[in-house]
Amino acid sequence: MQKEVSCIIMRGGTSKGVFFEETNIPAPGEKRDQFLLRVMGSPDLRQIDGLGGATSTTSKVAIIAKSSREDADVDYTFAQVSIDKPLVDYKGNCGNISSAVGPYALEMGHVEAGEGESLVRIYNTNTGKIILSRVQTPGRRVSYSGDFAIAGVPGTAAPVVLQFGNPAGAVTGTLLPTGKVVDHLHITGLGDVQVSIVDVSNPLVFVQAKDVGLQGTELPDQIDSSKRTLDLLEEIRGRAAEMLGFVDNWQDAAAMSPAVPKMTIISPPQTCTTVNGASIDSSACDLTGRMMSMQKTHKTYALTGALCTAAAAVIPGTVVNQVIRRPFDAGAIRIVHPGGLMPVGVEYRIHADDSAGSEDSAAGLSILSASGYRTARLLMKGTVYY
């Protein structure tokens, strides 16, 4: 006999997810995981028997509850549902899906809408961090219409402004989890590769495109068509996961920690062609980036990944800092990715010496906040059967 539960489907940034009220679904644990896998139609490459969209950016879930915290309005748990494996990953957060949490909280009455603009304080349970979401609410109703555009989403919409406070150490507890701005990983058939592992909003492992035989301007299909390149990038990611203690053996990373750390390929500003055929001149960007998502190339660029990239850019000596255009504005770093341009910013403080640091500071600085602009849209309210 089929069971049913209410849900909402929302687009957040360049991702799409199914939103549930926490009180309506099983408690954390195996029953919840089995429920989410069944609802999304996993494991199955097409997710034909569920709500998943057969890509990592459309196989996401947000679980929302009214918060008991004084500094938050709602609690939000992000779940990345694997497509081809019976696995639900709760490590880290999704910035794109985060951009839909504010509108969702207002739609569901968790927060009373203000006139013109509403502030929704979100506690992300995955990272233990607070996200401030500013949503357009003319007439005290969520507005999805506007003239703001983001790369990777057709048309325009109302902007959602996200500010991630104290975002360092979101998963590992430290800005530089290895204590170094640069690490060297020994990669099969390649030798030693220079990487930077940074944890802001999500942990990322950065490598320069030239060090892995890429130009950095390749489109997702070009990267995904090369098994050698995919295997190489996954080994780098896996060895970083082993260094971080996410897995005991790097070869288990795809199965046991597929979502974090996120593999990111960085290169200097370059003239790029987007997936839609548009050309973006190198003068319009500060960095060129490509991200991996669940062992495939991200069609655009994850927001949490962009925030971490901006943070890595201001840390002297990282592989990102080595290639960024100079001078650059830390409050508006422009990353060109397969979908277009993404501006993000960080606010940071420089210490007189490293002794001023703690778990959230390294390399003589602290990341105070990271911010970005997204759009979101309510797609469906209804009932899912499983």
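Remember, predicted model here, so these are calculated numbers, not experimental data. (Residues numbered from 1 in each chain as written. Predicted model: local features only at pLDDT ≥ 70, side-chain atom pairs only at ≥ 80, totals over all residues. Heavy atoms only, no water.)

**Considerations on the pairing of strand 7 (residues 129-137)**
Where strand 6 (residues 116-124) and strand 7 come together, 9 bridges link them in antiparallel fashion. Paired with Y123 across the two strands is I130, which belongs to strand 7. Adjacent in sequence and paired antiparallel, strand 6 and strand 7 are bridged by 4 residues, among which G128 carries a positive phi angle near 70°. In this structure, strand 7 lies alongside strand 8 (residues 159-165), joined through 5 bridges in antiparallel fashion. Among the inter-strand pairings, I131 is bridged to a residue of strand 8, identified as F164. (Pairing = 2+ DSSP bridges. Helix = DSSP H or I, 4+ residues; strand = E, 2+ residues; numbered from the N terminus.)

**Thoughts on the pattern of salt bridges**
Two side chains with opposite charge may pair up if their charged atoms get near one another. Tallied over the entire structure, the rule returns 14 salt bridges. For D224, the salt bridge goes to K299, with nearest N and O atoms at 4.0 Å. Remark: K299 occurs in the loop between strand 16 (296-297) and helix 6 (303-314) and D224 occurs in helix 3 (residues 220-224); sequence separation between them is 75 residues. Residue K299 is classed as partly exposed on the basis of its relative accessible area of 40%. (Salt bridge = Lys/Arg side-chain N within 4 Å of Asp/Glu carboxyl O. Buried < 20%, exposed > 50% of the residue type's maximum accessible area, 1.4 Å probe, protein only.)

**Notes on the state of the cysteines**
As used in these notes, a disulfide is a covalent bond between sulfur atoms, one from each of two cysteines. Enumeration over the complete set of coordinates arrives at 0 disulfides. Looking at the unpaired C285, the closest cysteine sulfur is the one in C272, lying at 6.2 Å. Lacking any disulfide linkage, C308 is separated from the closest cysteine sulfur, that of C94, by 14 Å. Assessed through its relative accessible area of 0%, C308 is described here as buried. (Disulfide = S-S within 2.5 Å.)

**What to know about helix 1 (residues 30-40)**
For an α-helix, 3.6 residues make a turn, and residues three or four places apart therefore share a direction. Every buried residue of helix 1 is accounted for by R32, F35, L36, L37, V39 and M40. Tucked inside the fold, the buried residues of helix 1 contact strand 1 (4-12), strand 2 (15-21), strand 3 (60-66), strand 4 (74-81), strand 5 (88-89) and strand 20 (365-385). (Contact = heavy atoms within 4.5 Å.)

**Regarding the environment of A241**
Within the fold, A241 resides in helix 4 (residues 227-243). Placed 159 residues apart in sequence, A241 and S82 show a C-alpha to C-alpha distance of 18 Å. With near-sequence residues (within four places) excluded, A241 lies in contact with F246, V247, A253 and P261.

**As for the pairing of strand 2**
Where burial is concerned, most of strand 2 is hidden: 6 out of the 7 residues are buried. Bridge analysis of strand 1 against strand 2 gives 5 bridges, and the strand direction is antiparallel. Within strand 2, the position partnered with I9 by the bridge is V18. Two successive antiparallel strands, strand 1 and strand 2, enclose a turn made up of 2 residues, where G13 displays a positive phi of approximately 60°. The pairing of strand 2 with strand 3 spans 5 bridges and is classified as parallel. Counterpart to G17 in the pairing with strand 3 is K60. In this fold, the crossover linking strand 2 to strand 3 by way of helix 1 has right-handed handedness. (Right-handed = clockwise from strand over helix to strand, strands pointing away.)

**What about the nonpolar core?**
Membership of the largest hydrophobic core comes to 62 residues, with the highest contact counts inside it found for F19, Y76, L175, V198 and F206. Ranked by residue count, the leading element in this core is helix 6, at 9 residues. Of all hydrophobic cores here, the second largest spans 25 residues; its members include L233, L244, M263 and M292. (Core = buried A, V, L, I, M, F, W, Y, C linked by side-chain atoms within 4.5 Å.)

**Quick notes on the side chain of T300**
Position of T300 among the secondary structure elements: in the loop between strand 16 and helix 6. Looking at T300, its side chain comes within polar contact range of the side chain of T14, at 3.1 Å. If we skip the residues at most four places from it in the chain, T300 touches T14, A151, G152, H337, P338 and G339. (Polar contact = N/O pair within 3.5 Å; in protein donor to acceptor, adjacent residues only side chain to side chain.)

**Here we look at the environment of L45**
Take L45: it is sitting in the loop between helix 1 and strand 3. Along the primary structure L45 and T318 are separated by 273 residues, whereas in three dimensions their C-alpha atoms are 36 Å apart. The residues contacting L45, other than those within four sequence positions of it, are A54, I83 and D84.

**Brief notes about the packing of aromatic side chains**
In total, this model carries 4 aromatic pairs according to the counting rule given. Considering the side-chain rings of F35 and Y386, the 4.9 Å spacing of their centres and the 85° angle between planes classify their relative orientation as edge-to-face. Of this pair, F35 sits in helix 1 while Y386 is found in the segment after strand 20, placing the two residues 351 residues apart along the sequence. Residue classification places F35 among the buried residues on the basis of a relative accessible area of 4%. Taking relative accessible area as the criterion, Y386 reaches 27% and is therefore assigned partly exposed. Ring pairing ties together the aromatic residues F20, F35 and Y386, which thus form one cluster. We note R69 situated over the ring of Y123; from NZ or CZ to the ring centre the distance is 4.0 Å. (Phe/Tyr/Trp six-rings, centres within 6.5 Å; stacked < 30°, edge-to-face > 60°. Lys NZ or Arg CZ within 6 Å of the ring centre and 35° of its normal.)

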